[in-house]
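For reference, the chains in residue letters:
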Amino acid sequence: MAKVLFEWDYSSYPGAKAYPNLFKPIQMGNLMVPNRIKYAATEDNLNDHNGFITDADVAYMRSRAEGVVGGLCFMQGVYMDEAGKGQGYVGQAACWDDKYVEGLKRIADAIHGEKAIAGFQLMDCGRVGAVEVESGHGPSTVPQRLRIFKPMYEMTNAEVKEMVQQHVDAAKRGVEAGFDVMEISGIVGYLISNFVSSYTNRRTDEYGGDIRGRCQAMVEIIQGVKEVCGPDIPVGIRLCSEELLNDVKGNTPEESMETYKIAEEAGADYISCTLGWQESIFPVISRDIPQGNWLYLAKRAKENVKIPIQMAYRLFTPDKPDKAVADGGLDIWEICRSMIADPLMPKKVLEGREDEIRHCVACNLCLARLFRDAPMTCYINPRCAHEHDENFTPKPAEEEKEIMIVGAGPAGMECAYVAAQRGHEVHVYDKRGEVGGTLLDASRAPYGDEELMTCVNYQKTMCEKAGVQFHFNNEVTDELIADEMPDTVVLATGPVYPVIEDSEDRDDVVNVLDVLSGKAQVGETVVVWGNRKPGIGVALFLAKQGKKVTIVGKEKSAGFDINPSFKWRYMIYLKQNGVMAYNDCDIEELNDGEIIVKTYDGYRFPVKCDTVVVSEREANESLKKIVQAEGIELFVIGDALVPRNLSSAVHDGYRIGLRI
Amino acid sequence: MPVNAEKEITKLWRNLHNAQSEICKTFYRWREVAIEVAGPDVKPLDIALKAAEMMGKDMGKNFLPRLNWLKGEETFMMNLGRALAGIWVTEGGTAMAEKGENPGEIFIRCTRCPWPTAAKEFGVPMEEVALTRERLFQTILEDVNVFFNINLKIEMLKAIPRGEGEYLLKLYKEE
Ligand SMILES: Cc1cc2nc3c(=O)[nH]c(=O)nc-3n(C[C@H](O)[C@H](O)[C@H](O)COP(=O)(O)O)c2cc1C
Ligand code: SF4
């Protein structure tokens, strides 16, 4: 009989009726898992630089454990060597000594406290490792493609055997700490994948050669780990179903499927299907990739092995994984970023509260921060990684106030529901007839930006549930403020758009939002003024209609406000769509049919254009004076304070919502 | 104020050429520093070759993200040849990559090079100029070779500082 850790009965929940395949049990090894949900291992950089678990990480994990409603909850991969060659992140948890067991036990206990199954992950970061030391280790000395990673040196045969033993010893410590499932991370360019791949493994000993030889280290690890785990603790492995490394002679898809069969033969109880490496030139999880794009790989994996197949990768809503499970193309829905953005996401699905989910917008800021040695932050979820911090938790207001929020964009809406939840009477005014502010138009930019609206949809639900009162089609004036005399005014009015000299009456100079909403007429040859994300978004929007677009902007590089893990995609799209960007430049003159561009160092040249689209933005000073003159408490948030991005709007709104 | 294209281009061109001539001069100024620090027991040629190795190693790293095996070996080699010729062009030379006589062979031809002129100003022997360039290109290939698991070689057949009128280098695959 399979072991049952916690009893769960989902039958009375609406989510179990809507997605019956996600809320039915599955046996993994000798363990019965009550549902098909797994929070996938996620490095968060929250632990101390010696690898000890912190309160922040325990609290982070506890909230994700609550989210999986009895399913699998995995902690971040631990590194296992004292030398730190396998350490990929400054705040990565360590497990190379018994002294770490006590901290790891806190995580297992926190997960168990939510009646979820605790998963432990062994992760030597290989080519992505050695974050705090000079050089890393790998099967062969293959130079790094990306400069941010450390040089690699070939492990001796004895060092490979030692590394295998380190996995086994760490697994033993994981068992001692109380974890229920053991996982070996062989994904995205970490050590096991380095051994498996023809790109990075050129060895001639028993750990290299053909695909069997390249899998030998993995096989020894699986066998060794299984031995210390015993029959009741399933052992799984995350393995690339496609490396996407054809340009550097990586494994073929057939070879990757061979690795799955070898892992199964070696005794793996499940496989988590992953794809791509950090070094791949193909995008895998950014917003431009449609949701559900990769499910065919899980299906292919299932055709090759009999053990359960789990998979994440842009599966942000329950419908697709539910169907995949029903069709026999997937066994367990793995979730990573969707639960960074909303730790309770699957719980809300189960409880029929899908409209209360704060959806991940696949911006990859969380990843970008890890590689810059910064603790986890989420673009869209201000509480992420602050779960332990009282200052980030909404508490009842000491004094209930009447609050006027001007602007129903993401900053104003975030502030509104948080303040209302704390007991304030909140009124949101907007000159438009609906919520969303500038995002209503900005989300019309191509390559997945429509997903940004999920943020406002969530905020709208939360506002309605918290009793926020809306006043649409209502432009706030000095008089209105003087009449209403609220206790607090929050100006979330969005940015203002600067005027190019002598362009006031010209119809060939138009605003970015009017272009995106279709209100403005645009010629065939266009100059976009502004090289931040709004400028790039509208440039691509127009280029996709076949227009010839040139960007002119003051920032040193186009899209400097987009995080590096996503920016490279936009740079490729600009190139593919023939958009030229003149950075570190400004528009000096506006003539008929052309503008004069001036570079930062004084060169001038003409660029032909029928239309200039203004996407440069400035802080919004309106209404400030009257609020101050009336002695009303004032906060300015979002682009009205300093034009930035959606994330800053949400984070500003949340923080001020907590403070009032 | 209307743009005077001739004036703008002349200004840009002049500044570009000044910057390019500074590349060679800066290298030779540093050569003098290194010779003085190393003392009389070290041969200047050895210093120059060591510099070429260190610079080549670093430049090779820049090549890796841009090279791609997907389009096949011939395109790969031509792109690599173009990237090597591009180094000369950035420095103010005139250089190009051409298909070789045999498959798996590319020629890199440079018909105008700023280095010999700058070298003369600093009293650098002409043979050193030729050998340094060859060593630079050879070391660039080292990481490329390991990364793509190939064995490419580069050989200098002609050199301007040797009075041969042009540089000609053969990039080829050693079987
Ligand atoms: C911030 C971050 C940290 C991650 N850390 C790990 C890790 O420690 N171990 C691991 O196997 N995968 C790790 N991953 C990969 C995820 O588990 C997951 O496979 C991937 O993000 C795709 O799923 P998603 O589209 O649901 O985010 C990480 C991903 C992110 C975004
Ligand atoms: S930072 Fe971006 S990608 Fe990461 S979880 Fe948050 S919204 Fe998603």
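Above this text sits the structure in question.
Residues numbered from 1 in each chain as written. Chains lettered and ligands numbered in written order. Predicted model: local features only at pLDDT ≥ 70, side-chain atom pairs only at ≥ 80, totals over all residues. Heavy atoms only, no water.

Peer 1: I'd like a rundown of the pattern of salt bridges, residues and numbers included.
Peer 2: Counted under the stated rule, the structure contains 61 salt bridges over all chains. A:Glu588 is the partner of A:Arg604 in a salt bridge, and the nearest nitrogen-oxygen pair spans 2.7 Å. With a gap of 16 residues between them, A:Arg604 in strand β24 (residues 604-608) and A:Glu588 in strand β22 (residues 585-591) connect regions that are remote in the sequence. The exposure class assigned to A:Glu588 is partly exposed, which follows from its relative accessible area of 32%. B:Lys61 is the salt-bridge partner of B:Asp143, the closest N and O atoms lying 3.5 Å from each other. Note that B:Asp143 is positioned in helix α5 (residues 126-148) and B:Lys61 in helix α2 (residues 44-63), a separation of 82 residues in sequence. (Salt bridge = Lys/Arg side-chain N within 4 Å of Asp/Glu carboxyl O. Helix = DSSP H or I, 4+ residues; strand = E, 2+ residues; numbered from the N terminus. Buried < 20%, exposed > 50% of the residue type's maximum accessible area, 1.4 Å probe, protein only.)

Peer 1: For the packing of aromatic side chains, give the residues involved together with the corresponding values.
Peer 2: Any two aromatic rings considered together are summarised by their centre-to-centre distance and by the angle between their planes. Inspection of every chain in the model, using the stated rule, returns 25 aromatic pairs over all chains. Ring geometry for A:Phe52 and A:Tyr100: centres 4.6 Å apart, planes at 35 degrees, overall tilted. Of this pair, A:Phe52 sits in the loop between β4 (37-39) and α2 (55-67) while A:Tyr100 sits in the loop between β5 (72-78) and α3 (101-113); the two residues are 48 residues apart in sequence, bridging distant segments of the chain. Note on A:Phe52: relative accessible area 30%, which makes it partly exposed. Here the aromatic residues A:Tyr199, A:Trp277, B:Trp69, B:Phe76, B:Phe147 and B:Phe148 are joined through ring pairs into a cluster of three or more. When the ring centre of A:Tyr60 is taken as origin, the NZ or CZ atom of A:Arg64, which lies over that ring, is 3.8 Å away. (Phe/Tyr/Trp six-rings, centres within 6.5 Å; stacked < 30°, edge-to-face > 60°. Lys NZ or Arg CZ within 6 Å of the ring centre and 35° of its normal.)

Peer 1: Lay out the pairing of strand β9 (residues 181-186) of chain A in plain terms, naming residues and giving numbers.
Peer 2: Residue and element names in this part refer to chain A. Burial analysis of β9 places six of its six residues in the buried class, the great majority of the element. Side chains Val-181, Glu-183 and Ser-185 project from β9 onto one buried face, and the interleaved Met-182, Ile-184 and Gly-186 project onto a second face that is buried too. As defined by bridge partners, strand β6 (residues 117-122) adjoins β9 across four bridges and the pair is classed as parallel. Following the sheet pairing, Phe-120 is matched in β9 by Met-182. (Pairing = 2+ DSSP bridges.)

Peer 1: Explain the sheet that holds strand β15 (residues 425-429) of chain A residue by residue, including any values.
Peer 2: Residues and elements named next belong to chain A. Ordered by their spatial adjacency, five strands build an open sheet running β16-β15-β14-β17-β26, and the pairing between neighbours is parallel. For this open sheet the edge positions go to β16 (469-471) and β26 (633-636), each flanked by a neighbour on one side alone. If you compare each strand with its neighbour and ignore which way they point, the axes differ by 20 degrees on average. By the bridge criterion, four bridges tie strand β14 (residues 402-406) to strand β17 (residues 488-491) in an arrangement that is parallel. For Val-406, the partnering residue across the bridge sits in β17 and is Leu-491. (Axes fitted to C-alpha atoms, helices over the stretch in contact; angles between N-to-C directions.)

Peer 1: Which residues make up the site of ligand 2, and what are the values?
Peer 2: All names here are of chain A. In the vicinity of ligand 2, the contacting residues are Arg-337, Ile-340, Cys-360, Val-361, Ala-362, Cys-363, Asn-364, Leu-365, Cys-366, Cys-378, Tyr-379 and Ile-380. Looking at the shell around ligand 2, the elements that each hand over two or more residues are α11 (337-341) and α13 (365-370). In terms of residue class, the shell around ligand 2 is made up of 10 nonpolar, one polar and one charged. (Near = heavy atom within 4 Å. Nonpolar A, V, L, I, M, F, W, Y, C, P; charged D, E, K, R; others polar.)

Peer 1: Summarise the nonpolar core; cite the residues concerned and give the values.
Peer 2: With 160 residues, the main nonpolar core has A:Met75, A:Leu104, A:Leu122, A:Met218, A:Ile237 and A:Tyr313 as its most contacted residues. Per element, the largest residue contribution to this core is eight residues, and it comes from helix α14 (residues 410-421) of chain A. Counting contributing residues per domain, this core is built from domain 1 (3-371) and domain 2 (394-496 + 619-659) of chain A, each supplying no fewer than three. A:Val142, B:Ala95, B:Leu136 and B:Ala159 belong to the second largest nonpolar core, which has 50 residues in total. (Core = buried A, V, L, I, M, F, W, Y, C linked by side-chain atoms within 4.5 Å. Domains from an automatic or database assignment.)

Peer 1: Before we move on, can you summarise the pairing of β14(A) with the specific residues and values?
Peer 2: The element β14(A) is extensively covered by neighbouring structure, given that four of its five residues are classed as buried. At this point the chain moves from β14(A), through α14(A), to the parallel β15(A), and the crossover so formed is right-handed. (Right-handed = clockwise from strand over helix to strand, strands pointing away.)

Peer 1: For the interface of chain B and chain A, give the residues involved together with the corresponding values.
Peer 2: Each partner contributes to the interface: chain B provides 22 residues, whereas chain A provides 23 residues. Summed over both partners, the interface of chain B with chain A buries about 2,000 Å², with 54% contributed by carbon and sulfur atoms. Of all residues in chain B, B:Met1, B:Val3 and B:Phe147 give up the largest surface area on contact with chain A, accounting jointly for 30% of the area buried on that side. There are one salt bridge connecting chain B and chain A. (Contact = heavy atoms within 4.5 Å. Buried area = accessible area lost by both parts, 1.4 Å probe.)

Peer 1: Can you tell me about the environment of A:Ala374, naming the residues and giving the values?
Peer 2: Residues and elements named next belong to chain A. Counting through the fold element by element, Ala-374 comes out in the loop between α13 and β14. For Ala-374, a relative accessible area of 15% translates into the label buried. Spatially, the C-alpha atom of Ala-374 lies 30 Å from that of Met-462, the residues being 88 residues apart in sequence. With sequence-adjacent residues up to four places away left out, Ala-374 is seen in contact with Asn-45 and Arg-369.

Peer 1: Got a sec to walk through the side chain of A:Asn47? Specific residues and values, please.
Peer 2: Residue and element names in this part refer to chain A. Here Asn-47 shows up in the loop between β4 and α2. Among the polar contacts made by the side chain of Asn-47, one reaches the main-chain amide nitrogen of Thr-54 at a distance of 3.1 Å. In this structure, Asn-47 is in contact with Phe-52, Ile-53, Thr-54, Asp-57, Gln-76, Gly-91 and Ala-93, ignoring residues within four places of it in sequence. (Polar contact = N/O pair within 3.5 Å; in protein donor to acceptor, adjacent residues only side chain to side chain.)

Peer 1: Which residues make up the packing of α14(A) against helix α16 (residues 453-466) of chain A, and what values do they have?
Peer 2: Residue and element names in this part refer to chain A. Running from N to C, α14 and α16 point in directions that differ by 30 degrees, and their axes come no closer than 9 Å. The orientation of α14 with respect to α16, classified from their angle, is roughly parallel. Here α14 runs over α16; the crossing is left-handed. Side by side, α14 and α16 meet where Pro-410, Met-413, Glu-414, Ala-416, Tyr-417, Ala-420 and Gln-421 of the first sit next to Cys-455, Val-456, Tyr-458, Gln-459, Lys-460, Met-462, Cys-463 and Ala-466 of the second. Partitioned by chemical class, the residues of the contact of α14 with α16 number 11 nonpolar, two polar and two charged. (Parallel < 35°, antiparallel > 145°, perpendicular 65-115°, else oblique. Left-handed = near helix turned anticlockwise from the far one by under 90°.)

Peer 1: Please provide a residue-by-residue account of helix α4 (residues 157-177) of chain A, values included.
Peer 2: All names here are of chain A. Given a rise of 1.5 Å per residue, 21 residues ought to cover 30 Å, and the 31 Å separating the end C-alpha atoms of α4 matches this to within 8%. What α4 keeps buried is the set Val-160, Met-163, Val-164, Gln-166, His-167, Val-168, Ala-170, Ala-171, Arg-173, Gly-174 and Ala-177. Elements in contact with the buried residues of α4: α3, β6, β9, α5 (191-196) and α7 (216-229). After α4 finishes, the residue Gly-178 shows a positive phi value of roughly 105 degrees. (Expected span 1.5 Å × (residues − 1).)

Peer 1: Lay out the sheet that holds β9(A) in plain terms, naming residues and giving numbers.
Peer 2: Residues and elements named next belong to chain A. One closed barrel accounts for eight strands, arranged β4-β5-β6-β9-β10-β11-β12-β13; its pairing is parallel. Across the sheet, the mean angle from the axis of one strand to that of its neighbour is 30 degrees, orientation sign disregarded. The pairing of β9 with strand β10 (residues 235-242) spans five bridges and is parallel. Opposite Gly-186, over in β10, you have Leu-239 as the bridge partner.

Peer 1: Please set out the site of ligand 1 residue by residue, giving values where relevant.
Peer 2: All names here are of chain A. Near ligand 1 there are 19 residues, and of these Glu-43, Gln-121, Arg-238, Arg-314 and Arg-337 occur at the shortest range. One of the backbone N or O atoms of Ala-41 is found 2.9 Å from an oxygen atom in ligand 1. In this structure, a nitrogen atom belonging to ligand 1 sits 2.7 Å away from a main-chain N or O atom of Glu-43. Relative to its unbound accessible surface of 610 Å², ligand 1 loses 96% to contact with the protein. Here the shell around ligand 1 gets three residues from one element, more than from any other, and that element is α13. Considered class by class, the residues forming the shell around ligand 1 number 11 nonpolar, four polar and four charged. (Areas by Shrake-Rupley, 256 points an atom, 1.4 Å probe, with all protein chains shown as cover.)

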